[in-house]
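Each chain, letter by letter, is given below.
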Amino acid sequence: MKSFYVTTPIYYANDLPHLGSLYTTIVADSLRRHKRQLGYDTYFLTGTDEHGINIQRLAEKNGVSPKEYTDRIVAAFKTMFANFELDTAHGGYDIFMRTTEPFHYAGVAELWRRVARSKTPKGNSSIYKGHYEGWFCPNCAEYKTEDEYQRPEREGDPPTCLVHLKPLDRVSEESYFFRLSNFDQALLDLYEKRPDFILPEARRNEMISFVRRGLDDLSISRQKTSVSWAIPVPDDPGHSIYVWFDALSNYITAIGFGNQEPNQVVGFEKFWPAVHLVGKDILRQHTLYWPAFLLAAGIEPPRSVFAHGMWQDASGRRMSKTLGNTIDLDLLHECFPTDAVRYFCLREMVFGQDGRFGYEALIDRTNSDLASGLGNLSSRILTMIGRYCEGVVPSGKISEEKILSAKRSGVDTDETTIAGFIEHARDQFLQHFANYSFNRGLEVAWSVVARADKMITEAKPWDLAKDENQRQTLHAILYRAAESLRWLCVLLQPVMPGSTQEIYKQLGLSDSLSHANPAELRWGGLQSGTRIGEVKPVFPRLDKGSVLARVRGNERPVSAHATEAEAVPTASPSPSTKRQPPMVGATEADAVTGAEGVAFIDIADFAKVDLRVGQVVTAERLPKSDKLLLLNIDIGEEKPRQVLAGIAEYYEPAKLLGRKVVVVANLKPRKLRGHESQGMVVAASVGDEGRPVIATFTEDVPNGARLK
Ligand code: MSP
């Protein structure tokens, strides 16, 4: 039997679950259900990443042990997943993986040993001991290079992480290194030979250019005295394994790699390699570190790593606690049907690109696509079968002698027209799902909804019912509609398991849709004579006003100077996951905020920014940096300004020569990679990857002119 193994990232057990963790898990769950229908033997992993300095510190701050701390977070995750029917009891994940499991410790140690014994493709030892000196972000669990942090305001203060805007830790200690620098060619070969190893293609290209620029070795341990909440390095317990080495290994230890745990040995042989679904924020770890560790250990790399985009709020802003624009999962659960949330996640976001999550859009989709769309179609068909056919699925055939009257009523007497349409739609749907284009697959399914609706509206069964001569025509129409509905249930089951099974039941069908193979659907499979079940609305309409009032009334107000409560979640949250106050530590930014949470400034504030017209005089790449260009820009001063711009991935230096640009001239100079940057070039940030597009002028302007 063909096998399919899908994973989500294992989520940091430092904070309560959020929309991001729910989202990737919903997609993975839908994909696995789809593959299960197609006849694959499937395995679906999600879970938590529980080690590291961040969690160690949070636990200390809260006066509990790290394990107690993560146990509470895990309880909240499990309750949330159960609420959204993603747990094993609802046919969801097969394992909730925890990196604190003893079998995982055994597997990680085995992987480490294998890597440590191995030679790199260039014949060196894959792991060596050295000394690490640099900056580490405990929140990203990543070492940061100069262009990945913000230099401190005050001499002597640590720099801040550009992602978390929090201070970095200085690390200067003995460390084991993984010789990643020797794996560049092997990784490029892998990307080349397996075009679907990194998906979507834009991400693949991004990684190819990243690797081509050369790779640095990776520090893969910390001294136990600095990080004790970790898995010890085998045979050297004074050192702790780097949290990403530990976390990534979960994908294989969970299926029995390197351990004898009988519950866990579900079949490394059978299920590996996996498809990893991850957010684009952790692409590098999954497409560089992870395959390199595996290549070193002689293990096949994953089948694919698909990096999806990030949810932003309804106005396109990054979701953050500081802005108060995150989605409250308890409210989401209380106010919306689970299947509506699942449908919205797959329909609204183009998988691979960023998307916007707004309650209004969710209500609108629920009402239009589900209540008025699929739900209305279903009750329309079933009510008419009840009314005109005594609750029994009629025959779809029109006999020779009735063909003429059917034709006279304007009905297409050739059943193969609709059968052909729906078969074609099914094939497209399968193709889109195979390409992870879930939104397009769903669009196709809704073209079937529209087609069935149109067929009914045009045939007017209520008129046909008045004419005894048109009885067969009426039956044929209702049969076609009911058969289309059956196909829709099979196709849509992975996305909306509960509601499709309910519609199926109302159609009088009792088998489980979870193994109904869409590829094997044949027109005519619905038996005439089937007695339909009780007809009930499956997708109730949401009252927009009251739902919005509820979610908005419950939303945390966006206030200036607010500080997050410093509290650890209490043990096992109640079944309704009453959410505890957020974790220790995060402080909200000081900003005067408008109604939408957007920070307003005075004109006087704007006037503080000295924007000048400049002209690029020289441009060159900065050695050893993939992002930075070193520019000299004439802004009408005695000598040109030296400015470092993070645009090297998008602009060829030569093309910038002579270009008019806008420079922030009074920005405090800062040093990057040993070069002083005396200003900033203004650029638009475009698309989900934030491609910089430099601001320029179409008219002639002198260098040094001020922008006001
Ligand atoms: N623990 C690591 C992963 C280790 S995997 C071996 C980690 N955890 S995390 O808690 O930060 O989860 C990150 C993942 O959450 C993202 O990759 C993505 O799957 C999901 N999301 C987090 N925020 C998100 C959005 N705003 N939108 C969509 N998904 C996002 O990184």
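So, here's what we can say about the structure. Sequence positions are assigned chain by chain, starting from 1 and proceeding in written order. Reporting of local features is limited, given that this is a predicted model, to residues whose pLDDT is at least 70; pairs of side-chain atoms are given and counted only at 80 or more, and all residues count toward the totals for whole chains, interfaces and linings. Hydrogens and water are ignored here; the side-chain numbers use all heavy atoms of the structure.

## Points about the overall build of the protein chain
The criterion, for reference: Where helices and strands are cited, they refer to DSSP runs of H or I of at least four residues and of E of at least two residues respectively, numbered from the N terminus. Our radius of gyration looks at C-alpha atoms and nothing else; its globule reference is 2.2 Å times the residue count to the power 0.38. Any residue under 20% of the maximum accessible area for its type is buried, any over 50% is exposed, and the rest in between are partly exposed; the area is computed with a 1.4 Å probe on protein chains only. We call two residues contacting when some pair of their heavy atoms lies within 4.5 Å. His is not counted, nor are the chain ends, whereas Lys and Arg count as positive and Asp and Glu as negative. Throughout, a charge is located at the NZ atom of Lys, the CZ atom of Arg, the CG atom of Asp or the CD atom of Glu.
Within the protein chain, the secondary structure is distributed over 21 helices and 27 strands. On C-alpha atoms alone, the protein chain measures out to a radius of gyration of 29 Å, which is about the 27 Å that the 2.2 N^0.38 rule sets for 708 residues. Counting only C-alpha atoms and orienting by the principal axes, one finds that the protein chain spans roughly 95 × 70 × 50 Å. In the protein chain, which comprises 708 residues, the proportion classed as buried is 54%. Counted over contacts in the protein chain with a minimum sequence separation of 6, partners at least 24 positions apart contribute 74%. In the protein chain, 85 positive and 90 negative side-chain charges are present, and the distance between their average locations comes to 2 Å.

## A short note on the site of the ligand
For clarity, the threshold we go by: In these notes, residues near a molecule or strand are those with any non-hydrogen atom within 4 Å of it. Throughout this description, a polar contact denotes any pair of N or O atoms lying within 3.5 Å of each other; where both atoms belong to protein, one of them has to be capable of donating a hydrogen while the other can accept it, and for residues adjacent in sequence the pair is counted only when both atoms sit in side chains. For the area figures, the Shrake-Rupley method with a 1.4 Å probe applies, and any residue is considered shielded solely by the protein chains shown. Residue polarity follows a fixed list, in which Ala, Val, Leu, Ile, Met, Phe, Trp, Tyr, Cys and Pro are nonpolar, Asp, Glu, Lys and Arg are charged, and the others, Gly among them, are polar.
Neighbouring the ligand are 21 residues; Ile10, Thr24, Asp49, Gly279 and Trp311 lie closest to it. Between the ligand and Tyr12, the relevant distance is 3.0 Å, taken from an oxygen atom to a main-chain nitrogen or oxygen of the residue. Relative to its free-state accessible area of 680 Å², the ligand is covered by the protein chains to the extent of 90%. Elements supplying a minimum of two residues to the shell around the ligand: β1 (3-12), α1 (19-37) and α7 (243-253). Across the shell around the ligand, the residue classes tally to 12 nonpolar, 7 polar and 2 charged.

## What about the sheet that holds strand β8 (residues 169-178)?
Stated formally: We call two strands paired when DSSP finds no fewer than two bridges between them.
The strand order β5-β4-β8-β10 describes an open sheet built from 4 strands, whose pairing is antiparallel. Edge positions in the sheet fall to β5 (142-144) and β10 (218-219), since each of these pairs with one other strand and no more. Alignment of β8 against β10, held across 2 bridges, turns out to be antiparallel. Within β10, the residue paired with Phe178 across the bridge is Leu218.

## Here we look at the packing of aromatic side chains
Put simply, the test is: Here is the rule: rings of Phe, Tyr and Trp (six-membered ring for Trp) pair when centre to centre is within 6.5 Å. Planes less than 30 degrees apart are stacked, more than 60 are edge-to-face, and the remainder are tilted. Charge-over-ring contacts are defined here by two conditions on Lys NZ or Arg CZ: a distance within 6 Å of the ring centre and an angle within 35 degrees of the ring normal.
Going through the model one piece at a time under the given rule, you end up with 41 aromatic pairs. On the basis of an interplanar angle of 20° and a centroid distance of 6.5 Å, the ring pair of Phe351 and Tyr436 is categorised as stacked. Within this pair, whereas Phe351 is found in the loop between α11 (338-348) and β17 (355-357), its partner Tyr436 is found in the loop between α14 (415-434) and α15 (438-459), the two being separated by 85 residues in sequence. Here the two residues Phe351 and Tyr436 agree in accessibility, since each one is buried. Cation over ring: Arg222 sits above Phe136, and NZ or CZ is 5.2 Å from the ring centre.

## Observations concerning the side chain of Arg98
Position of Arg98 among the secondary structure elements: in strand β3 (residues 95-98). Polar contacts involving the side chain of Arg98 include one to the side chain of Asp71, which spans 2.7 Å.

## A short note on the packing of α14 against helix α17 (residues 471-492)
Helix packing geometry: the angle between the two helix axes and the distance between the axes. Just so we agree on the cut-off: Between the N-to-C directions of two axes lies an angle of 0 to 180 degrees, each axis being a line fitted to C-alpha atoms and, for a helix, fitted only over the stretch in contact. The scheme is simple: roughly parallel for angles under 35 degrees, roughly antiparallel for over 145, roughly perpendicular for 65 to 115, oblique for anything else.
For the pair α14 and α17, the least separation of the axes is 11 Å and the interaxial angle reads 10°. Between α14 and α17, the angle is such that the two are roughly parallel. Across the interface between the two elements, Glu415, Ile418, Ile422, Glu423, Arg426 and Phe429 from α14 touch Tyr479, Arg480, Ser484, Trp487, Leu491 and Leu492 from α17. A class-by-class count of the residues in the contact of α14 with α17 yields 7 nonpolar, 1 polar and 4 charged.

## Side note on the environment of Gln260
For Gln260, the position within the fold is in the loop between α7 and α8 (268-271). We classify Gln260 as exposed; its relative accessible area is 72%. When the C-alpha positions of Gln260 and Gly107 are compared, they lie 9.1 Å apart, and in sequence the two are 153 residues distant.

## Considering empty space enclosed by the protein
Which entries qualify depends on this criterion: Residues are said to line a cavity or pocket when one of their atoms sits within 4 Å of a point; the points come from a 1 Å grid over protein atoms alone, cavities being sets where a 1.4 Å probe fits but cannot get out and pockets being open sets with protein on both sides within 12 Å along at least five of seven lines. Grid points are joined across faces, edges and corners, and a volume is the space filled by probe spheres set on the points.
One pass over the structure, following the stated rule, counts 2 cavities of 30 Å³ or more. Within this model, the largest cavity holds a volume of roughly 160 Å³. Forming the walls of the largest cavity are 18 residues, and the residues nearest its centre are His51, Gly52, Ile53, Ala141 and Val243. Only α2 (53-62) and β13 (236-241) provide two or more residues apiece to the lining of the largest cavity. Among the elements that take part in the lining of the largest cavity, α2 stands out by supplying 3 residues, more than any other. The class makeup of the residues in the lining of the largest cavity is 11 nonpolar, 6 polar and 1 charged.

## A word on the nonpolar core
Among soluble globular proteins, nonpolar side chains are generally buried collectively. Which entries qualify depends on this criterion: What we call a nonpolar core is a set of buried Ala, Val, Leu, Ile, Met, Phe, Trp, Tyr and Cys residues that are connected through their side-chain atoms within 4.5 Å.
Ranked by internal contacts, the top residues of the largest apolar core, which has 117 residues, are Leu22, Leu277, Leu332, Phe336, Phe357, Leu374 and Trp446. Excluding anything up to four places from it in sequence, Leu374 contacts Asp369, Trp446, Val449, Leu485, Leu488, Leu492, Met496, Ile503 and Phe539. Among the nonpolar cores identified, the runner-up in size contains 70 residues, and Leu45, Ala141, Ile220 and Ile255 belong to it.

## Concerning unusual backbone geometry
Here the residue pair Leu199 and Pro200 is connected by a cis peptide bond, since its omega of -10° sits within 30 degrees of zero. Along the chain, the position of Pro200 falls in the loop between β9 (198-199) and α6 (201-212). Note the cis peptide between Trp272 and Pro273, where omega equals 5°. For Lys460, which is not a glycine, the phi torsion comes out positive at approximately 50°. Its place among the elements puts Lys460 in the loop between α15 and α16 (461-464). The phi dihedral of Lys624 falls on the positive side, at around 65°, and the residue is not glycine. Take Lys624: it is sitting in the loop between β18 (611-621) and β19 (629-634).

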